[in-house]
Amino acid sequence: MDLVPTRRFVYSDADLDQHEGEVIEALKARSQQPIPDQDQWLSEKAPEAGILLTSVDKVIDWARSNALWSVVCFPACCAFEFISTAASRFDISRFGMEIIRASPRQADLMITAGTLTWKMAPNVRRIYDQMAEPKYVIAMGACGISGGIFQSSYGVVPGYSRIVPVDVYVPGCPPRPEALLYGIRMLQDKISKAKVFRK
Amino acid sequence: MTRAISGEELAAGLEQRIPGSIIGTSKESILVNNQSLLSLAAHLKTEPGLEFDFLSSITAVDYYDYFEVIYQLTSLEHNHSIVLKVRCHDRENPAIPSLVGLWRGAELQEQEIFDLMGIRFEGHPNMKRIVLWEGFQGHPQRRDFLSW
């Protein structure tokens, strides 16, 4: 029994071979001389090179706001909402911050995902102090903002703002990943308004 | 399943061995005299037929008038259990003999009770705060501890 091809070709094999040969011959005819190496611009003087004018603030703020690397500071349950934010469904890497740094020296942003006790507070402050400037803090969740339901407890810090300066507060218990992403967007807006030489 | 020995059933024999050690009994537990806690616990641990070789947990309760420390003892050998209770009426400086010498598992739990309830366990090798930090004022699991 003859096999009926499921796909009928427009061109026959002979036509295709013919075309392939023509392409090769044409390329070979065009390529008799080597292409000059593109390195003349190396010796050009500065005024002849291309210039793009912008402000220092704009460039630096753009760079800072689009590469916020977060440090690991997840003392309690908001961490799981943060993990969800970092995973594929909500995908934090769309904002240039998919790298969660275990070392505070490589991080710009502290997302305080969880309840902080006074016994833990010196360590959080130390992590914050170890981060390189510029550094930002997002207080995530009710506990991060005010201590939440543990506000009157003997052992809980009533809000991270007692320990570190906070840039953006994200309410919720815990906040949805969309809320955290919105908080991150707000922080990016805040960074893009910053004056670089102010400090 | 572990058989919970009746306190009344066990207390009759104990009272004969260590007179004056039992203050009260119930179906679930034995209320033990403070002074004879150590000798009674040692007896419960070593006596053939009882052999409570495992200390499941220690709890403390604040009843305002007195503190009550509750020991849950289990015998892995015989698969039975009993609850011991000790009361401490001194609110200013409550103290109870430590059972660390009999069951090492008591060490951290007694330390935690000291930290949160303020009951001192005499004879404990490391009687200091474990959860809270040194310098914390008061004992937060007490009924009269209010921080707001």
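Everything discussed here concerns the structure shown above.
Since this is a predicted model, take the numbers as computed values, not measurements.

A. Region of interest: the overall build of chain A. Looking only at helices and strands, one finds six helices and five strands in chain A. Starting at the N terminus and ending at the C terminus, chain A contains elements arranged as α-α-β-α-β-β-α-β-α-β-α. The globule rule puts the C-alpha radius of gyration for 199 residues at 16 Å, and the 28 Å found for chain A is more than 25% above it. Within chain A, buried positions represent 31% of all 199 residues. Across chain A, contacts joining residues at least 24 apart in sequence account for 79% of those joining residues at least 6 apart. Taken as a whole, chain A presents about 13,700 Å² of accessible surface, with 58% of it coming from carbon and sulfur.

B. Quick look at the pattern of salt bridges. All names here are of chain B. As enumerated under the stated definition, the model contains ten salt bridges over all chains in all. Glu68 is the salt-bridge partner of Lys85, the closest N and O atoms lying 4.0 Å from each other. Placement of the pair is Lys85 in strand 6 (residues 80-88) and Glu68 in strand 5 (residues 67-75), with a sequence separation of 17 residues. Overlapping salt bridges, with partners in common, bring together Asp62, Arg91 and Asp144 in one network.

C. Region of interest: the packing of helix 3 (residues 78-86) of chain A against helix 6 (residues 177-192) of chain A. Residues and elements named next belong to chain A. Across the interface, helix 3 lies against helix 6 with an axial gap of 9 Å and an inter-helix angle of 75 degrees. What the angle tells us is that helix 3 and helix 6 run roughly perpendicular. Residues Glu81, Phe82, Ser84 and Thr85 of helix 3 pack against Pro177, Leu180 and Leu181 of helix 6. Considering only residue class, the contact of helix 3 with helix 6 consists of four nonpolar, two polar and one charged.

D. Structural detail: the packing of helix 1 (residues 7-17) of chain B against helix 2 (residues 37-46) of chain B. All names here are of chain B. Running from amino to carboxyl end, helix 1 crosses helix 2 at an angle of 120 degrees, the nearest separation of the two axes being 11 Å. Seen along the crossing, helix 1 lies across helix 2 with a hand that is right-handed. Touching Leu10, Leu14 and Arg17 of helix 1 are Leu40, His43 and Leu44, all from helix 2.

E. Representation of the nonpolar core in the model. All names here are of chain B. Judged by nonpolar contacts, the single largest core of 37 residues is most densely connected at Leu10, Leu44, Tyr71, Leu84, Ile96 and Ile119. For this core, the elements supplying multiple residues, two or more each, are helix 1, strand 3 (29-32), helix 2, strand 4 (54-62), strand 5, strand 6 and helix 3 (106-117). Residues contacting Leu84, with those up to four places away along its chain left out, are Ile30, Val32, Leu37, Leu40, Leu44, Val69, Ile70, Tyr71 and Leu73.

F. Structural context of the pairing of strand 4 (residues 136-140) of chain A. All names here are of chain A. Counting buried positions over the five residues of strand 4 gives five, a clear majority of the element. Side chains Tyr136, Ile138 and Met140 project from strand 4 onto one buried face, and the interleaved Val137 and Ala139 project onto a second face that is buried too. Summarising the sheet, strand 3 (residues 109-113) and strand 4 pair through five bridges and their orientation is parallel. In the sheet register, Thr112 faces strand 4, and the bridge partner there is Ala139. Between strand 3 and its parallel partner strand 4, the chain crosses via helix 4 (residues 121-130), and the hand of that crossover is right-handed. Judged from the three bridges that link them, strand 4 and strand 5 (residues 168-170) form a sheet pairing that is parallel. The residue of strand 5 that forms the bridge with Ala139 is Tyr169. With helix 5 (residues 141-146) bridging strand 4 and its parallel neighbour strand 5, the resulting β-α-β unit is right-handed.

G. View of the interface of chain B and chain A. On the chain A side, the residues contacting the eleven residues of chain B number five residues. When chain B packs against chain A, the two sides together hide about 600 Å² of surface, and 65% of this comes from carbon and sulfur. Viewed at the interface, chain A and chain B are joined by zero salt bridges. Here chain B and chain A share two residue pairs in polar contact (both at pLDDT 80 or more) between them.

The rules behind these values
- In every chain, residue numbers begin from 1 and rise along the written sequence.
- Chain letters and ligand numbers both follow the written order, the letters beginning at A and the numbers at 1.
- pLDDT decides what is reported in this predicted model: residues at 70 or higher carry local features, side-chain atom pairs at 80 or more are listed and counted, and totals for whole chains, interfaces and linings draw on all residues regardless.
- Side-chain figures throughout are based on the complete set of non-hydrogen atoms in the structure, without hydrogens or water.
- Strands here mean DSSP runs of E at least two residues long; helices mean DSSP runs of H or I at least four residues long; both are numbered from the N terminus.
- Here the globule rule reads 2.2 Å times residues to the power 0.38, and the radius of gyration is calculated from C-alpha atoms.
- Remark: exposure states derive from per-residue accessible area (1.4 Å probe, protein chains only) relative to the maximum for the residue type, with buried under 20%, exposed over 50%, and partly exposed in between.
- A contact between two residues is defined here by any heavy atoms of the two lying within 4.5 Å.
- Computed by Shrake-Rupley with a 1.4 Å probe, the accessible areas treat only the displayed protein chains as cover when residues are assessed.
- Salt bridges are defined as contacts in which a side-chain nitrogen from Lys or Arg sits within 4 Å of a carboxyl oxygen from Asp or Glu.
- Simply put, an axis is a line fit to the C-alpha atoms, just over the touching stretch for a helix, and the angle between two N-to-C directions goes from 0 to 180 degrees.
- Orientation categories follow fixed angle ranges, with anything under 35 degrees roughly parallel, anything over 145 roughly antiparallel, 65 to 115 roughly perpendicular, and all other angles oblique.
- Note on residue categories: nonpolar means Ala, Val, Leu, Ile, Met, Phe, Trp, Tyr, Cys or Pro, charged means Asp, Glu, Lys or Arg, and polar means any other residue, Gly included.
- By the definition used in this description, the sense in which the near helix is turned from the far one sets the handedness, with an anticlockwise turn below a right angle giving left-handed and a clockwise turn giving right-handed.
- Here, the term nonpolar core denotes a set of buried Ala, Val, Leu, Ile, Met, Phe, Trp, Tyr and Cys residues that are joined through side-chain atoms within 4.5 Å.
- Any two strands with at least two DSSP-identified bridges between them are counted as paired.
- A clockwise course of the path from the first strand over the helix to the second, judged with the strands pointing away from the viewer, identifies a crossover as right-handed.
- When two parts are put together, the accessible area they lose, computed with a 1.4 Å probe and summed over both, is reported as buried area.
- N or O atoms within 3.5 Å of each other form a polar contact, as long as, within protein, one can give a hydrogen and the other can take it, and as long as residues adjacent in sequence are counted only when both atoms are side-chain atoms.

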